[in-house]
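The residues making up each chain are set out below.
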Amino acid sequence: SLSQLPKLRVMSRSSVFRYKGRETDSQAVGRELKVQAVLTGRLVQRGENLSLSAELVDARDNTHIWGEQYNRKLADTQAVQQEIAREITDKLRLKLSGLEKQSLAKRHTQNPEAYQDYLKGRYYWNKRTGESLKTAVGHFEQAIAKDPAYAQAYAGLADCYVLQSSLE
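Reading the values: rules and limits
- Throughout, a residue's number is its position along its own chain's written sequence, starting from 1.
- Given that the model is predicted, a residue must reach a pLDDT of at least 70 before its local features are reported, and side-chain atom pairs must reach 80 or more before they are shown or counted; all residues, however, enter totals for whole chains, interfaces and linings.
- Side-chain metrics in this entry use all non-hydrogen atoms of the structure; hydrogen atoms and water are not considered.
- Only rings of Phe, Tyr and Trp enter the pairing, Trp through its six-membered ring, and a pair is recorded when the two centres are within 6.5 Å. The plane angle decides the type: under 30 degrees is stacked, over 60 is edge-to-face, the rest tilted.
- Helix numbers and strand numbers start at the N terminus; a helix is a DSSP run of H or I with at least 4 residues, a strand a run of E with at least 2.
- Burial classes: relative accessible area under 20% of the type maximum marks a residue as buried, over 50% as exposed, and values in between as partly exposed (1.4 Å probe, protein chains only).
- Only the stretch in contact is used when a helix axis is fitted, and all axes are lines through C-alpha atoms; the angle between N-to-C directions ranges over 0 to 180 degrees.
- In what follows, roughly perpendicular refers to angles from 65 to 115 degrees, roughly parallel to angles under 35, roughly antiparallel to angles over 145, and oblique to any angle outside these ranges.
- Every residue pair with non-hydrogen atoms within 4.5 Å of one another is taken to be in contact.
- Put simply, Ala, Val, Leu, Ile, Met, Phe, Trp, Tyr, Cys and Pro go in the nonpolar bin, Asp, Glu, Lys and Arg in the charged bin, and everything else, Gly too, in the polar bin.
- Here the rule is simple: two strands pair whenever DSSP picks up at least two bridges between them.
- Residues grouped as a nonpolar core are buried Ala, Val, Leu, Ile, Met, Phe, Trp, Tyr and Cys residues, joined through side-chain atoms within 4.5 Å.
- Polar contacts, as counted here, are pairs of nitrogen or oxygen atoms within 3.5 Å of one another; within protein the pair requires one atom able to donate a hydrogen and one able to accept it, and residues that are adjacent in sequence qualify only if both atoms are side-chain atoms.

Enquirer: Looking at this model, I keep getting lost on the packing of aromatic side chains. Mind explaining?
Expert: Given two aromatic rings, one states the distance between the centres and the angle between the planes to describe the pair. One pass over the full model with this rule turns up four aromatic pairs. Ring centres of Y115 and Y118 lie 6.4 Å apart, and the angle between their planes is 25°; this geometry places the pair in the stacked category. Remark: Y118 and Y115 occur in helix 5 (residues 112-127); sequence separation between them is three residues, near one turn of the helix. Here Y115 matches Y118 in class, with each residue buried. Considering the side-chain rings of Y118 and F140, the 5.8 Å spacing of their centres and the 50° angle between planes classify their relative orientation as tilted. Taken together, the residues Y118 in helix 5 and F140 in helix 6 (residues 130-146) connect sequence positions 22 residues apart. Note on accessibility: Y118 and F140 belong to one class, buried.

Structure follows, in structure tokens:
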């Protein structure tokens, strides 16, 4: 949702994926990606509970801009994402229009189970192997079954089919 804001440039998932699971220096990452701030986070799921920590660091001097710890139920995933986006825009002192605030608060589905299936689909889609794409398709189809109007789940399904055709 932050990438939709015209005053903010958010790097693509494929650009930052190489840093996943590695200890990295925010200044070095900032230089490599040509960004002013780096958002890092850690997510742990235990049953129906989520523990999420997030930190925003100034990449120019490695100073802490913002950080927070969240403990929520799995069903509250979308709400915590919106809360984090709102807090980041506040800390960056971005002046948002009413339409931009509305965009940050938008939920693509009201069904938390469909959203969880969508997230699992994206997780497996990102692995980009034949087997993981089949698993991703299953999760996207489950999301669609739970919310037939969930456009992002259809987009995820299409992404799987495109990647599958390139692997064949």
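Enquirer: It is not clear to me how the packing of helix 3 (residues 77-91) against helix 5 should be interpreted in this structure. Could you clarify?
Expert: Helix-helix packing is described using two parameters, namely the angle between the two axes and the distance between the axes. Contact geometry for helix 3 and helix 5: axes closest at 9 Å, N-to-C directions at 70°. Considering the angle they form, helix 3 stands roughly perpendicular to helix 5. Side by side, helix 3 and helix 5 meet where T77, Q78 and Q81 of the first sit next to Y115, Q116 and L119 of the second. When the residues that make up the contact of helix 3 with helix 5 are grouped by side-chain class, the tally is two nonpolar, four polar and no charged.

Enquirer: How should I be thinking about the sheet that holds strand 1 (residues 37-46) in this particular structure?
Expert: For sheets, the rule is that strands pair by backbone hydrogen bonds, running either parallel or antiparallel. One open sheet holds the three strands; their spatial order is 1-2-3, and the pairing between them is antiparallel. Two strands close off the open sheet at either side, each with one partner strand: strand 1 and strand 3 (64-73). Adjacent strand axes in the sheet meet at a mean angle of 10°, parallel and antiparallel pairs treated alike. Where strand 2 (residues 49-58) meets strand 3, nine bridges bridge the pair, whose relative direction is antiparallel. Paired with A54 across the strands is E68, a residue of strand 3. Docked against the sheet, helix 3 engages strand 1, strand 2 and strand 3, running at close to 165° with respect to strand 3.

Enquirer: Which parts of the structure should I look at to understand the nonpolar core?
Expert: Counting residues in each nonpolar core, the largest one holds 15 residues, and the members touching the most others are W125, F140, Y150 and C160. It is helix 6 that provides the largest number of residues to this core, a total of six residues. Ignoring sequence-local partners within four residues, the contact set of C160 consists of W125, L133, A136, V137 and F140. Counting 12 residues, the second largest nonpolar core, distinct from the first, contains L5, L56, W66 and I84.

Enquirer: I keep staring at the side chain of D58 and nothing clicks. Help me out?
Expert: With respect to the secondary-structure elements, D58 resides in strand 2. For D58, a relative accessible area of 9% translates into the label buried. If we skip the residues at most four places from it in the chain, D58 touches Q36, T63 and I65.

Enquirer: What's the story with the pairing of strand 2 in this structure? I'm lost.
Expert: When a strand is regular, its side chains alternate between the sheet's two faces. With seven of its 10 residues buried, strand 2 lies for the most part within the structure. Direction of pairing for strand 1 relative to strand 2: antiparallel, over a ladder of 10 bridges. Counterpart to V38 in the pairing with strand 2 is V57. Hairpin connection between strand 1 and strand 2: a loop of two residues separates the two successive antiparallel strands, and G47 in this loop has a positive phi of roughly 60°.

Enquirer: Looking at this structure, I do not really get the environment of N49. What am I missing?
Expert: Within the secondary structure, N49 sits in strand 2. In the structure, N49 is positioned 29 residues away from Q78 in sequence and 14 Å away in space, judged by C-alpha atoms. Every residue in contact with N49, bar those within four places of it in the chain, is listed here: V44, R72 and K73. For N49, the side chain forms a polar contact with the side chain of K73, separated by 2.9 Å.

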